[in-house]
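Structure assessment
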Amino acid sequence: MAEFLAYLIAGLATGAIYALAAIGFTLVWQTSQMINFAQGEFVMLPAILILAAVKLAGLPVWAAAILGIAAFIALFGWGFKLVIVDPMIRHGVLPLAIATMALSIIMKEGAKDGFTAEAQRFPSLVPQETVSFLGISISLQHIAIIIVACLAIGTLQWFVTRTKTGRQMQASAQNPNVALILGIPVAQMVMLTFLINAALAALASILISPIYLAKFSNGEVIGLFAFIAAIVGGFNQVRGALAGGLIVGVIDSLAAAYISTSYRLAVPLVLLVVIILIKPEGLFGRKEERGV
Amino acid sequence: MNTSRFDAVFATLVLGAVILWFAPAGMGRYGTYVLSLWLVTAVAVMGLNLTLGIAGLKSLAQAAFMGIGAYATALLTTKAGIGWLPAFAISGALCFAVGLLLGFPALRVKAHYLAFVTLAFSTLVWLVLRNEQWLTGGVFGISNIPRPMIFGIKTDNALPFHRFVVVVTLLLALVLWWLVRSPWGRAFLALRENPVRAASLGVNIRAYTLLAFAIGSAYAGFAGALYAPLVEFIDPSPFQLSASFFLLLMVVAGGSGYQLGPFVGALLGVVLPEWLRFTGGLYLIIFAAIVIGLLIACPQGVLGLLERGWIAVRRRPVGSNPPIKETV
């Protein structure tokens, strides 16, 4: 039982990170109908940028973190929207989805060739210790991840539902034409979702890299789990992506412990196929018809 | 306009095959191998071009299907002692069947769910190839895959095998050429252009999209059946998800929907790296950047760009006269 709870907490921690990636993914999808196949690489890269700033430029960790995150949000929030999404969206969403695949190759190969192909240690904000609580040994890092991710998602939820800008963002996602008529700056709102997406990815990157080490190929699994989380939870809801992320994280952790380590990846994939078969709008999603 | 262009496609295919039959003269073993690899990749891209370019579906498992074909052929020819030709047919049929099984639930919902289902499938195939050592040899793969014996002629050397690949590729390309011109092909095109209208004209959307996906997957199986004897050793790494992304980029680079696009796309994806050797590992980045540039400037790919240029050149002599008829 204690063992089970330990796996559960570990699963919730990685799940919270998948949720961060999945929420960014669904936000962008809602406002621009774009499927970002580079989402995993978005989570991989900020940690690499920070490490590069530390090792190549010799900056202290805190300065490298600020610089790396700022550079990442500027490049892959603002720049991504401006350079890739804007000129391409007029051709439809299919070329755009394919362009994000090309981008994922560039990010991955860029991290490998520009920095290193080896897995790198990444500094952790909390000590890498475990505490014993009621006979369960819990990693402090897992607790910290769950708390930070919940705070971030709570803030985002508050922003989206309680502030004027957040509501304008929602309106722009639901019906851009009507939003425009109502005087909402739709273009700025769409840009805002790209910035939030980049910020969430950067946060996920900082949280996950101390555990998984920073490596150019990390994006593959993270991206896959973010997709699965988004679909399982429901594509059109922040809370859906949150629930989806936690479910996928816990299932992955339990599958690794109790089913098979070599097939741990297969269990969330099977879950994905089952959800698509029986409840394609996701566990918490609303039914809607939208062609991509 | 259509018939003349399609005849041009036919002529280009046959002429290209004749040139490629003699091309490796003096190129050496490695040069010949690269040419053969180009054609084998082009077969997989052709299939994906049917799925994406003609039917408008995103499949992210083309490399995985190619892996199924390659492993099926490798196992059948090494362990079961079956000839290459039946192994080739079985590989294609297997991928066709798996394509139907996979596509049916996904396309039941929404077309873009196929992307996610194939994404998951791709990873599952890779897991099985890597973990089921008793069957696939795991990370050690399968070695000593024999090259086929066709009509009593051994294709063990690079040149005869290359010529064999040329013939098979030509046949597969011609079948697809015929298919696209057939009423079925017209239905596929109608689906991509306007699904609602196609449905109202009595095209069974679900059946046709499913069929396009299954045929496209079967072509990946055929490509795998050629790939296994070409490299003579296979392991799971060339069939990963990133390889499927790469094949998709080749479709777009060549010109999605163009019959000759796959050859151009595979040329950029397979032969270009050989020319870009001096850039070291950067060729993937260069290729991906070229594709993004193309998608921004001309989503119809290299062939679309050429067509655009050709139209512009032909119109110039007319000068100030307005174009009399629409060329496309």
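For the structure given in this document, a descriptive report is provided here. Model, not experiment: these values are computed from the prediction.

**With respect to the layout of surface pockets**
- In this model, the second largest pocket occupies a volume close to 780 Å³.
- Surrounding the second largest pocket, 29 residues form its lining, Pro238, Ala243, Phe246, Tyr283 and Leu284 of chain B being those nearest its centre.
- Among the secondary structure elements, those contributing two or more residues to the lining of the second largest pocket are helix H4 (93-114) of chain A together with helix H2 (28-54), helix H3 (62-78), helix H11 (241-254), helix H12 (261-275) and helix H13 (283-297) of chain B.

**Considering the interface of chain A and chain B**
- Across the contact, 40 residues belong to chain A and 37 residues belong to chain B.
- For the pair chain A and chain B, the summed buried area comes to about 3,600 Å², and 79% of that belongs to carbon and sulfur atoms.
- When the buried surface of chain A facing chain B is broken down by residue, Ile98, Ile105 and Tyr263 of chain A rank first, second and third, together holding 15% of it.
- Our enumeration of links across chain A and chain B arrives at three residue pairs in polar contact (both at pLDDT 80 or more).
- A total of 15 residues in the side of chain A that touches chain B trace back to one element, the largest contributor, which is H4 of chain A.
- Of the residues assigned to the side of chain A that touches chain B, the class counts are 30 nonpolar, four polar and six charged.

**As for empty space enclosed by the protein**
- For the structure on display, the rule yields four cavities of 30 Å³ or more.
- For the largest cavity, the calculated volume is near 150 Å³.
- The wall of the largest cavity is formed by 15 residues, among which Phe37, Glu41 and Glu220 of chain A together with Leu241 and Phe245 of chain B lie closest to the centre.
- Within the residue set of the lining of the largest cavity, elements represented by two or more residues are helix H2 (39-57), H4 and helix H9 (219-233) of chain A together with H11 of chain B.
- When residues in the lining of the largest cavity are grouped by element, the largest group, five residues, is from H9 of chain A.
- Across the lining of the largest cavity, the residue classes break down as seven nonpolar, five polar and three charged.
- Lining the second largest cavity, in full, are Leu13, Met46, Asn49, Ala173, Leu176, Trp177 and Gln259 of chain B.
- The residue inventory of the lining of the second largest cavity, partitioned by class, reads five nonpolar, two polar and no charged.

Definitions and limits used
- Residues numbered from 1 in each chain as written.
- Chains lettered and ligands numbered in written order.
- Predicted model: local features only at pLDDT ≥ 70, side-chain atom pairs only at ≥ 80, totals over all residues.
- Heavy atoms only, no water.
- 1 Å grid on protein atoms, 1.4 Å probe; cavity = no way out; pocket = protein on both sides within 12 Å on 5 of 7 lines; lining within 4 Å.
- Points joined across faces, edges and corners; volume = space filled by probe spheres on them.
- Helix = DSSP H or I, 4+ residues; strand = E, 2+ residues; numbered from the N terminus.
- Contact = heavy atoms within 4.5 Å.
- Buried area = accessible area lost by both parts, 1.4 Å probe.
- Polar contact = N/O pair within 3.5 Å; in protein donor to acceptor, adjacent residues only side chain to side chain.
- Nonpolar A, V, L, I, M, F, W, Y, C, P; charged D, E, K, R; others polar.

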